[in-house]
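Take a look at the letters that make up each chain.
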Protein chains: 2
Amino acid sequence: MDYAKQFIVTPGSKVDLTKIDAGYKDSHESHEAAMPEIEAYRDKLRDLQFRLYAETKQSLLICLQALDAAGKDGTVNHVLSAMNPQGCRVYGFKQPSAEELAHDFLWRIHKATPAKGEVAIFNRSQYEDVLVVRVHDLVPKSVWSKRYDLINDFERLLVDNGTRVVKFFLHISEDEQLRRFKQRIDDPARNWKISDADYKERSYWADYQKAYQEALSTCSTKHAPWYVIPANHKWFRNLAVSQIIVKTLEAMDPKIPAPTVDLDAIKKQYHAAEVAEEDGKV
Amino acid sequence: MDYAKQFIVTPGSKVDLTKIDAGYKDSHESHEAAMPEIEAYRDKLRDLQFRLYAETKQSLLICLQALDAAGKDGTVNHVLSAMNPQGCRVYGFKQPSAEELAHDFLWRIHKATPAKGEVAIFNRSQYEDVLVVRVHDLVPKSVWSKRYDLINDFERLLVDNGTRVVKFFLHISEDEQLRRFKQRIDDPARNWKISDADYKERSYWADYQKAYQEALSTCSTKHAPWYVIPANHKWFRNLAVSQIIVKTLEAMDPKIPAPTVDLDAIKKQYHAAEVAEEDGKV
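Calculation criteria
- Every chain begins its residue count from 1, and numbering advances along the sequence as written.
- Both sets of labels track the order of writing: A upward for chains, 1 upward for ligands.
- Local features in a predicted model are, by the rule used here, given only for residues with pLDDT of at least 70; side-chain atom pairs are given and counted only at 80 or more, and totals for whole chains, interfaces and linings are based on all residues.
- Computation of side-chain values: all heavy atoms of the structure, hydrogens and water removed.
- Numbering of helices and strands runs from the N terminus, with a helix taken as a DSSP run of H or I at least four residues long and a strand as a DSSP run of E at least two residues long.
- Burial here depends on accessible area, computed with a 1.4 Å probe over protein chains only, as a share of the maximum for the residue type. Under 20% is buried, over 50% is exposed, and the range in between is partly exposed.
- Pairs of residues are marked as contacts when any of their non-hydrogen atoms sit within 4.5 Å.
- Here the accessible surface of atoms and residues is derived via Shrake-Rupley with a 1.4 Å probe, and residues count as covered only by protein chains that are part of the display.
- Buried area: the accessible surface (1.4 Å probe) lost by two parts on joining, summed over both.
- By definition here, a salt bridge exists when the distance from a side-chain nitrogen of Lys or Arg to a carboxyl oxygen of Asp or Glu is within 4 Å.
- Strand pairing is assigned whenever DSSP identifies at least 2 bridges connecting the two strands.
- Working convention: axes come from line fits to C-alpha atoms, limited for helices to the stretch in contact. Angles between N-to-C directions cover 0 to 180 degrees.
- The quantity called pLDDT is the predictor's confidence in a given residue, expressed from 0 to 100.
- The copies were overlaid with a least-squares fit restricted to C-alpha atoms from residues scoring a pLDDT of at least 70 in each copy.
- Crossing handedness: left-handed means the near helix sits turned counterclockwise from the far one by under a right angle, and right-handed means the same turn made clockwise.
- All residues other than Ala, Val, Leu, Ile, Met, Phe, Trp, Tyr, Cys, Pro, Asp, Glu, Lys and Arg, Gly among them, are scored as polar; the first ten of these are nonpolar and the last four charged.
- Polar contact criterion, stated in full: a pair of N or O atoms within 3.5 Å, where within protein one must be able to donate a hydrogen and the other to accept it, and residues adjacent in sequence count only if both atoms are side-chain atoms.
- Here roughly perpendicular refers to angles of 65 to 115 degrees, roughly parallel to angles under 35, roughly antiparallel to angles over 145, and oblique to all remaining angles.

Student: Tell me what's going on with the overall build of chain A, and back it up with residues and numbers.
Tutor: Helix and strand counts for chain A come out as 14 helices and 5 strands. Counting only C-alpha atoms, chain A reaches 80 × 45 × 40 Å along its principal axes. Among the 282 residues that make up chain A, the fraction classed as buried is 50%. Considering only contacts within chain A whose residues lie at least 6 apart along the sequence, 81% involve residues at least 24 apart. Accessible surface computed for chain A: about 13,200 Å², of which carbon and sulfur atoms make up 51%.

Student: Any details on the interface of chain B and chain A? Residues and values, ideally.
Tutor: Contacts between the two partners involve 39 residues from chain B, matched on the other side by 39 residues from chain A. Between chain B and chain A, the buried area comes to about 3,600 Å², and carbon and sulfur atoms account for 64% of it. Among the residues chain B hides against chain A, the three largest losses belong to B:Gln86, B:Lys182 and B:Trp192. Together they make up 19% of the total. Between B:Asp186 and A:Lys267 there is a salt bridge, with the nearest N and O atoms lying 3.2 Å from each other.

Student: Kindly report on the sheet that holds strand 4 (residues 163-171) of chain B, identifying the contributing residues and their values.
Tutor: Residues and elements named next belong to chain B. The strand order 2-3-1-4-5 describes an open sheet built from 5 strands, whose pairing is parallel. On the outer flanks of this sheet lie strand 2 (88-92) and strand 5 (226-230), each paired with one strand and no other. Each strand of the sheet is rotated relative to its neighbour by a mean of 20 degrees, with strand direction disregarded. Pairing analysis gives 8 bridges linking strand 1 (residues 59-66) to strand 4, with the strands arranged parallel. Bridging from a neighbouring strand, Leu61 pairs with Val165 of strand 4.

Student: Which residues make up the pairing of strand 5 (residues 226-230) of chain A, and what are the values?
Tutor: Residues and elements named next belong to chain A. Within strand 5, 5 of the 5 residues are buried, which leaves it mostly tucked inside the rest of the structure. Neither face of strand 5 is exposed, since Trp226, Val228 and Pro230 on one face and Tyr227 and Ile229 on the opposite face are all buried. Pairing of strand 4 (residues 163-171) with strand 5 involves 5 bridges; the strand directions are parallel. Pairing of His171 across the sheet is with Pro230, part of strand 5.

Student: With reference to specific residues and values, describe the confidence of the model for chain A.
Tutor: With 97% of its residues at a pLDDT of at least 70, chain A reaches an overall mean of 94. On the interface metric, ipTM, the complex scores 0.83, and its pTM is 0.90.

Student: Pulling in residues and values, what's your account of the relation of the copies chain B and chain A?
Tutor: Superposing chain B onto chain A requires a rotation of 180 degrees together with a translation of 0.0 Å along the rotation axis, leaving an RMSD of 0.0 Å. In the structure described here, the two chain copies are related by an operation that fits a two-fold rotation axis. Among all residues of chain B, the minimum C-alpha distance to the rotation axis is found for B:Ser81, at 3.0 Å. The residues that chain B uses at the interface reappear at the interface of chain A in 100% of cases, marking a shared surface.

Student: Tell me about the packing of helix 2 (residues 31-55) of chain A against helix 12 (residues 234-252) of chain A, and name the residues and values.
Tutor: For any two helices packed against each other, one specifies the crossing angle of their axes together with the interaxial distance. All names here are of chain A. Helix 12 packs onto helix 2 with a crossing angle of 30 degrees between their chain directions and a minimal axis gap of 9 Å. Considering only the axes of helix 2 and helix 12, their crossing is left-handed. Of the residues in helix 12, those in contact with His31, Ala34, Glu37, Ile38, Tyr41, Lys44, Leu45, Leu48 and Leu52 of helix 2 are Trp235, Leu239, Ser242, Gln243, Ile245, Val246, Leu249, Glu250 and Met252. Partitioned by chemical class, the residues of the contact of helix 2 with helix 12 number 12 nonpolar, 3 polar and 3 charged.

Student: Let's hear about the pattern of salt bridges: which residues, and what values?
Tutor: Residues and elements named next belong to chain B. Summed over all chains, the structure comprises 36 salt bridges over all chains. Note that Lys182 is salt-bridged to Asp186, the shortest N-O span being 3.3 Å. Here Lys182 pairs with Asp186, and both are found in helix 9 (residues 174-186), just 4 residues apart, close to one helical turn. Note on Asp186: relative accessible area 42%, which makes it partly exposed.

Student: Quick one: what's the story with the environment of B:Val165, residue by residue and with numbers?
Tutor: Residue and element names in this part refer to chain B. With respect to the helices and strands, Val165 occurs in strand 4. The class for Val165 is buried, based on a relative accessible area of 1%. Linking Val165 and Asp68, residues 97 residues apart in sequence, is a C-alpha distance of 23 Å. Residues in contact with Val165, not counting those within four places in the same chain, are Leu61, Leu158, Val159, His223, Ala224 and Pro225.

Student: Lay out the environment of A:Asp21 in plain terms, naming residues and giving numbers.
Tutor: All names here are of chain A. Within the secondary structure, Asp21 is located in the loop between helix 1 (3-7) and helix 2. As for Asp21 and His171, which are separated by 150 residues in sequence, their C-alpha atoms are 8.5 Å apart. Ignoring any residue separated from it by four or fewer positions in sequence, one finds Asp21 in contact with His171 and Pro230. Here Gly23 takes part through its backbone nitrogen, which lies 2.8 Å from a polar atom of the side chain of Asp21.

Student: Describe in detail the side chain of A:His78, supporting the description with residues and values.
Tutor: All names here are of chain A. Residue position: His78 is located in helix 3 (residues 72-80). On the basis of relative accessible area, His78 is assigned to the buried category, the value being 11%. Polar contacts involving the side chain of His78 include one to the side chain of Asn238, which spans 3.5 Å. Among residues more than four places away in sequence, those in contact with His78 are Ile38, Arg42, Asn238 and Ser242.

Student: Tell me about the packing of helix 3 (residues 72-81) of chain B against helix 12 (residues 234-252) of chain B, and please be specific about residues and values.
Tutor: Residue and element names in this part refer to chain B. Two elements in contact, helix 3 and helix 12, have axes whose closest approach is 10 Å; the angle formed by their N-to-C orientations is 50 degrees. When the interaxial angle is binned, helix 3 and helix 12 end up oblique. Between helix 3 and helix 12 lies a crossing whose hand is right-handed. Here helix 3 contributes Gly74, Thr75, His78 and Val79 to the contact with helix 12, which in turn contributes Arg237, Asn238, Val241, Ser242 and Ile245. Considered class by class, the residues forming the contact of helix 3 with helix 12 number 3 nonpolar, 5 polar and 1 charged.

Pasting the structure below:
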């Protein structure tokens, strides 16, 4: 199945998240059954990222957005662990610092965009400023409502400079979130992460869905598409995200550069003894 | 074998690199034979780094230095791929930019030091300014010769703030370097990396060894030790580096924090239905 086609938010369309099944897993029976396919995409990711890094002409920016416990960290881990840490970076955007708040909302984002040859993953992103900020009235509507256009323009700047931008919304159901919170409580390695605030945020579920729907509808553009990924099944989420990133990189078609020097001349000059030996002359 | 003890540059001692066998591999027969041990250290690394990240009180800075083709990239890949990309970063320090050169030599380094909970790996580091800079006379001796003390003081600042600093010199032989260059020429995926400059640098081999010896001797301190890692065998290099990092993290003894909230109260309030079900009351 072509998940890029299936899960893209068609530019200009209106997203209705209630119509999208968070538990979707295509025709895959189970995690085990999907494993070979998942691994095949990891291998492809590794190869394509190496070529992007070697080429040093284009870059890839992956934005991840989701509610708590929807799997942002797990997705980062899955995607990045397939790649060479040298050419990849993850940026987690948390509550802005005083210095960051003293600038426009894209200032801290811009600093973190990938250089040519790099892959950057944003764990939360510029979209927080039309999501949590909107839901909790952190700035007036007159401010946040202008940000959709500002974000589209900003992403256009990146794309025009050779950065491919793909954005994933990891879509889980309300029940699944509660189940995952419960798992965290029961796991001593993770229960320190739990706060009462996690549960309080759940009372804003409908507001968040509405804010997401507007962000997804308004900011899925031809140059920087949004994908809504069914994420109740972690393995299916990893499969779908990996496949879409692989297709994106394949379309970018990064090429290993040609050598900049005359390899034969170098061999003769510096490896003369060995070359002679191989030729059977010694 | 305790490689930290075996390979440390004892503070105050003089290093003689000609006396250190770059081809050393302890009593291990082969890569295959050492594999289980290497994998065991990777698992430990993963666990310890997770605890460091959760604790958010201390950080770890790993500096890698070596001549070309000695395996800096491979070491970064081995160590970081064992960890969660979220709490780890790699910084490659290349030729300084105009902005960086307009500041003191530690300015760009300081910006990249790890925050509490993080692991940072420097691929090249502050030491470039007493290595390549010294060998190629990029600044006068009156300038670079003062930098050893400045580096020691700087590292003391980091250590006093809760950062553990470990520094690895990956030690390969001149022959092994030539062999690896040759491999690169013969590998179409990597021959674009080859430049004539790589070979020209080899004529400075003795100067580099001398510069390294002084840096290792002068800047291996109790608070920030240097280790000389025999690196002709890539797998042995990975084994030794991983073991030393594991021991370092074990000594730091990071602890998963206690929950900040009353887990039972949260369970009752938000998971009442499920809890009742588990108790057999429903």
